[in-house]
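Residues per chain, in single letters:
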Amino acid sequence: MGKKRVMVPAKELELSTVKYEKETILAPHLTGSILKLFVRIIEIPIIGSLIISFMKKENNMVEMLQNTEIPEKPMFKPEFPPQVRNLADCLCDIKPEAEPSVVIVDEEGKPTDRVESALKCLPHYDPASCWSGDTLPSFQYWKIRDFAYAYRSKLVTPSKIAEQIITLVEGCKYHKPPTPLLISFDAEDIRKQAAASTQRFKEGTVAVSHAGNPLSILDGIFMAIKDDIDCYPHPTKGASTWMHEVRSVEKDAVSVSRLRSCGVIFIGKANMHEFGMGTTGNNPNYGTTRNPYAHERYTGGSSSGPAAIVASGLCSAALGTDGGGSIRIPSSLCGVVGLKTTYGRTNMGGSLCGSGTVEIAGPIASTVEDVILVYAAILGSSPEDRISLKPSPPCLPILSSVENVNILGSLQLGKYTEWFNDVHSTDISDVCEDVLNLLSKSHGCKTIEIVIPELHEMRIAHLVSIGSESLRSLNPDIEDGKGVKLNCDTRTCMALFRTFTASDYVAAQCLSQPKEEGYDEENKNWAKLAGQTGNWRRRIMHHHMEIFKKVDVIVTPTTGMTAPKIPPSALENGESNMQVSGYLMRFILAANLLGLPAITVPVGYDKQGLPIGLQLIGRPWGEATILRLASAIEELCAESRRKPASFHDLLKTK
């Protein structure tokens, strides 16, 4: 077992003793027939277990999970302590005031009312800036308010836009290479939705700010839904070949239902990495989605289709899920905006990952203001989460307020420099650093050096959490014979997850109290492993809550590398590349393991012209703060935004 490692209590850890260690993942890069052979070997009961045990030991997983004594009590899902806005509030035991210049919305009210409130928070809309016919100084995406203006001004109808989208989607299969964006697509259903929206606009008013007969500002707005979220009548496959055979879809997911009530038109189910178990978006089942900036590169995963659809201009927004960066990674690699909300802020009912402790559903859009509008529609905790998590009332930043500039100037940004600079190419850290300097120069934001202890432990704790929950969810069907139908990289993940015997313990927690340590030797091991993972989560939560006493937002690059190339040998059988996954996931795990809100906003490009994203991580329930800051960053970087190589101008005036 090795020498026991005893941790100092988190409250007593001296940060000056913390040394940053570069992340090194020891695992082979496998594609094609070699990957297929490797999967067969590791699925052999004894030999496979020995190989995986060796790899776990080489990556210090055994030391961290089984040979470490941790003094903290377990935390099996995010628990958010009372929040303070500054150190003075903490020392004086004063309940902090709510952030200024926000509007509180009713999470139990109508989605249309929340969207109307969000609309009033946005800066004044000037149609002349987009519709004057003058050549714009830089590339800009059409926003939701642009489409709303076009509909209300009768420049175009949702039905006409629908026909363009149908033609473009149907043409994807003829591209060389193919660019599969959707897994499930029904042209007649799109036409039916668009016709209903067109009729509402016919009966409505021209004024952009008034809903009229259109249901909301989102009426007639086209969106794609990731294939692990229910959107009736489409099947939900999780990008597998079989999930729809064992799980039927009878109604919309909660988030989809809320969007539909606002008039959103759904174009279908977007491509993704099979069951979300990957960071690249590779999918041999339906084809691998290509990056709109460079077709030979990945979009990132697992919400690969949603990000590519938005980046290419086909939809104003899309809905994804994020259990390990699955919204933020593809959004960053495709040059768009992706919001991961606080755990429990959105209701996960009707999604494949709805019972986990790290996943959320959130919006991907081309601009921050569009993310705000979609977020306003879908927010609202489940009744169970409102009881257990006690969420703060959801707030939206009033970007049109005269106070907005002063609030931005008061924000303090936390930066762990050694971590911030641990990237594949200095292009990433340099561009992100330039943005922080711009924020300081333009708004007076102050960057404060911070230290985040136990980053390696956080990575392992997240892997065990999401792996155990994924195994618990899929294992009944795998045992029923569906396992052989999984992709090779998914099977590799599942072989690793099976060694995390805490999955049985986590499943038991859904039904009863923890088993006693003396139950039997095997169950004793389950409890021990699950407890250690939970302890790491509590320690890491403590470290982050201490940091948030000093800063308002933690800033990092979103990913440690820009879009990686797609090996031709990976298209048929998939790919297992833990080094690439390590770079792509380097900065995103705290938001999932601890349930913190985070957003990625595009800030520039590397020397190859590939997008770079900056990530903002906020306090629990602090979406308003990161949305406000993201909007300011977007404005500072607007002139540098570039059009993707694959872009569809649906309004055809730019």
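It should be emphasised that the depicted structure is a prediction, and the values quoted were computed from it without experimental measurement.

**Structural notes on the nonpolar core**
Judged by nonpolar contacts, the single largest core of 158 residues is most densely connected at Leu 218, Phe 222, Leu 259, Val 603, Leu 616, Leu 629 and Ile 633. The residues contacting Leu 629, other than those within four sequence positions of it, are Leu 408, Leu 411, Leu 413, Leu 439, Cys 445, Val 553 and Leu 616.

**Let's talk about the sheet that holds strand E16 (residues 553-557)**
One open sheet holds the 11 strands; their spatial order is E5-E7-E6-E10-E12-E11-E18-E19-E16-E14-E15, and the pairing between them is mixed. In the strand order of this sheet, the two ends are held by strand E5 (182-184) and strand E15 (446-449), each with one partner. Shown here is a sheet whose adjacent strand axes are inclined to one another by a mean of 35°, direction ignored. Judged from the two bridges that link them, strand E11 (residues 337-340) and strand E12 (residues 360-365) form a sheet pairing that is antiparallel. In the sheet register, Val 337 faces E12, and the bridge partner there is Ala 365.

**Focus: the packing of helix H1 (residues 32-42) against helix H20 (residues 488-497)**
Two elements in contact, H1 and H20, have axes whose closest approach is 9 Å; the angle formed by their N-to-C orientations is 30°. As the angle between them shows, H1 and H20 are arranged roughly parallel. Once H1 is placed against H20, the crossing between them reads as left-handed. Residues Leu 35, Lys 36, Phe 38, Val 39 and Ile 42 of H1 pack against Cys 488, Asp 489, Arg 491, Thr 492 and Ala 495 of H20.

**Comments concerning the pattern of salt bridges**
For side chains bearing opposite charge, pairing can occur when the charged atoms are close. As enumerated under the stated definition, the model contains 28 salt bridges in all. Asp 385 is paired through a salt bridge with Lys 77; the nearest N and O atoms lie 3.8 Å apart. Separated by 308 residues along the polypeptide, Asp 385 in helix H15 (residues 383-388) and Lys 77 in the loop between strand E3 (68-69) and helix H4 (87-92) bring together distant segments of the chain. Exposure remark for Asp 385: the relative accessible area of 13% places this residue in the buried category.

**With respect to H1**
Taken as a whole, H1 has its buried residues at Gly 32, Leu 35, Phe 38, Val 39 and Ile 42. All buried residues of H1 lie within an arc of 100° about the axis, which places them on one face of the element. Among the exposed residues of H1, those pointing more than 90 degrees away from its buried face are Ser 33, Ile 34 and Arg 40.

**Some remarks on unusual backbone geometry**
The omega torsion of the bond from Tyr 232 to Pro 233 falls at 10°, within 30 degrees of zero and hence cis. Position of Pro 233 relative to the elements: it lies in the loop between strand E6 (222-226) and helix H10 (243-246). Phi is positive for Trp 621, which is not a glycine, with a value near 65°. Locating Trp 621 in the fold gives a position in the loop between strand E19 (611-618) and helix H26 (623-636).

**Describing the side chain of Glu 469**
Tracing the backbone through its elements, the reader meets Glu 469 in helix H19 (residues 455-482). Buried charge without a salt bridge: Glu 469, with Arg 537 as the nearest opposite-charge side chain at an N-O distance of 5.1 Å. Within the structure, Glu 469 has its side chain in polar contact with the side chain of Thr 357 (distance 2.5 Å). Residues contacting Glu 469, with those up to four places away along its chain left out, are Gly 356, Thr 357, Val 358 and Glu 359.

Reading guide: rules and limits
Residues numbered from 1 in each chain as written. Predicted model: local features only at pLDDT ≥ 70, side-chain atom pairs only at ≥ 80, totals over all residues. Heavy atoms only, no water. Core = buried A, V, L, I, M, F, W, Y, C linked by side-chain atoms within 4.5 Å. Buried < 20%, exposed > 50% of the residue type's maximum accessible area, 1.4 Å probe, protein only. Contact = heavy atoms within 4.5 Å. Pairing = 2+ DSSP bridges. Helix = DSSP H or I, 4+ residues; strand = E, 2+ residues; numbered from the N terminus. Axes fitted to C-alpha atoms, helices over the stretch in contact; angles between N-to-C directions. Parallel < 35°, antiparallel > 145°, perpendicular 65-115°, else oblique. Left-handed = near helix turned anticlockwise from the far one by under 90°. Salt bridge = Lys/Arg side-chain N within 4 Å of Asp/Glu carboxyl O. Arc of directions from axis to C-beta. Lys, Arg positive; Asp, Glu negative; His and termini not counted. Polar contact = N/O pair within 3.5 Å; in protein donor to acceptor, adjacent residues only side chain to side chain.

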